[in-house]
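Structural description and commentary
In case you want the letters, here they are:
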Amino acid sequence: DAQVFLAIAYDHMADALQESEDYALAVSFSNKAIKIWETLASEQDYANKRLLARSYFTLGKSLNEIEDYIEACKQYRKSIQLQEALHRNGELHDQRGLAISYHNLAWSMRKCKQYAESIDFFQKAIFLFEQLEYEEKQDNRRLLDFSYFWLAETLHNVNKSSEAIVYFEKAI
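One structure accompanies this document, and this report is about it.

Calculation rules
- Residues numbered from 1 in each chain as written.
- Predicted model: local features only at pLDDT ≥ 70, side-chain atom pairs only at ≥ 80, totals over all residues.
- Heavy atoms only, no water.
- Core = buried A, V, L, I, M, F, W, Y, C linked by side-chain atoms within 4.5 Å.
- Buried < 20%, exposed > 50% of the residue type's maximum accessible area, 1.4 Å probe, protein only.
- Contact = heavy atoms within 4.5 Å.
- Axes fitted to C-alpha atoms, helices over the stretch in contact; angles between N-to-C directions.
- Helix = DSSP H or I, 4+ residues; strand = E, 2+ residues; numbered from the N terminus.
- Parallel < 35°, antiparallel > 145°, perpendicular 65-115°, else oblique.
- Left-handed = near helix turned anticlockwise from the far one by under 90°.
- Nonpolar A, V, L, I, M, F, W, Y, C, P; charged D, E, K, R; others polar.
- 1 Å grid on protein atoms, 1.4 Å probe; cavity = no way out; pocket = protein on both sides within 12 Å on 5 of 7 lines; lining within 4 Å.
- Points joined across faces, edges and corners; volume = space filled by probe spheres on them.
- Disulfide = S-S within 2.5 Å.

**A look at the nonpolar core**
Core analysis: the biggest nonpolar cluster contains 45 residues, and Tyr102, Leu105, Phe129, Leu151 and Tyr167 have the highest contact counts within it. If sequence neighbours within four positions are ignored, Leu151 has contacts with Ile119, Phe122, Gln123, Ile126 and Tyr167.

As structure tokens, then:
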């Protein structure tokens, strides 16, 4: 279908623009992709919902880079909501992608000084990353360490130093 092809092209353009650090233009292309995916993603349509979740995530990343953390949080939440629904229905098995989404939402929430929710989402990310740590991807360990570190930093920000120390030690 031509609309699917166009939405995929917009998504890939947003990815390429992120790599070249043109985040404002990446936002524009992500929004174009989302507009198409939202019209195509019906209740029973696993593939288009998965791609819509990916587009929300990509938009969140670009918004983070231009320091629009409130809007980034909204986009990550939309992505996570779709991913969790697909996971509950047995249609999504990408725990790594969900863990990264939790981590990025937690980081954005931390930037908005929403520390309690940030802590919750870092903990969700850590739970999934710990399950993935022993898989073949070396990168999973690095992402887990980042989540430990930022959870520790956030705990430290809310004067929970003893808890922070535990996670700093895990990150080291």
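**Overview of the packing of helix 2 (residues 23–40) against helix 3 (residues 46–65)**
Relative to each other, helix 2 and helix 3 sit at 160 degrees, their axes nearing to 9 Å. Here helix 3 runs roughly antiparallel to helix 2, going by the angle between their axes. For the pair helix 2 and helix 3, the sense of crossing is left-handed. Only Asn48, Leu51, Leu52, Ser55, Tyr56, Thr58, Leu59, Ser62, Leu63 and Glu65 of helix 3 make contact with helix 2, whose side of the interface consists of Tyr23, Ala26, Val27, Ser30, Asn31, Ala33, Ile34, Trp37, Glu38 and Leu40. Broken down by class, the residue content of the contact of helix 2 with helix 3 amounts to twelve nonpolar, six polar and two charged.

**Re the layout of surface pockets**
Over the atoms a probe the size of a water molecule is rolled, and this reveals where empty space is left. Reported here for the largest pocket is a volume of approximately 390 Å³. Lys61, Asn64, Glu65, His103 and Asn104 are, among the 16 residues lining the largest pocket, the residues nearest its centre. Where the lining of the largest pocket is concerned, the elements lending two or more residues are helix 3, helix 5 (95–111) and helix 7 (138–157). Here the lining of the largest pocket is built from residues that sort into seven nonpolar, four polar and five charged. When its volume is computed, the second largest pocket comes out at roughly 320 Å³. Lining the second largest pocket are 13 residues, with Arg54, Phe57, Gln83, Asp94 and Gly97 sitting closest to its centre. Broken down by secondary-structure element, the contributors of at least two residues to the lining of the second largest pocket are helix 3, helix 4 (69–88) and helix 5. When residues of the lining of the second largest pocket are assigned to their parent elements, the largest contribution, five residues, is made by helix 3.

**Regarding the environment of Ser30**
Topologically, Ser30 is positioned in helix 2. The exposure class assigned to Ser30 is buried, which follows from its relative accessible area of 0%. Ser30 sits 22 residues away from Leu52 along the chain, and the two C-alpha atoms are 9.9 Å apart. Discounting chain neighbours no more than four positions away, the residues touching Ser30 are Ala14, Ser55, Thr58 and Leu59.

**Remarks on the environment of Leu25**
Inspection of the secondary structure puts Leu25 in helix 2. Assessed through its relative accessible area of 37%, Leu25 is described here as partly exposed. Placed eleven residues apart in sequence, Leu25 and Ala14 show a C-alpha to C-alpha distance of 7.5 Å.

**Regarding the state of the cysteines**
In total, this model carries zero disulfides according to the counting rule given. The thiol of Cys73 is not disulfide-bonded; the next cysteine sulfur, from Cys112, is found 4.4 Å away. The exposure class assigned to Cys73 is buried, which follows from its relative accessible area of 6%.

Just distances and angles here, no functional claims.
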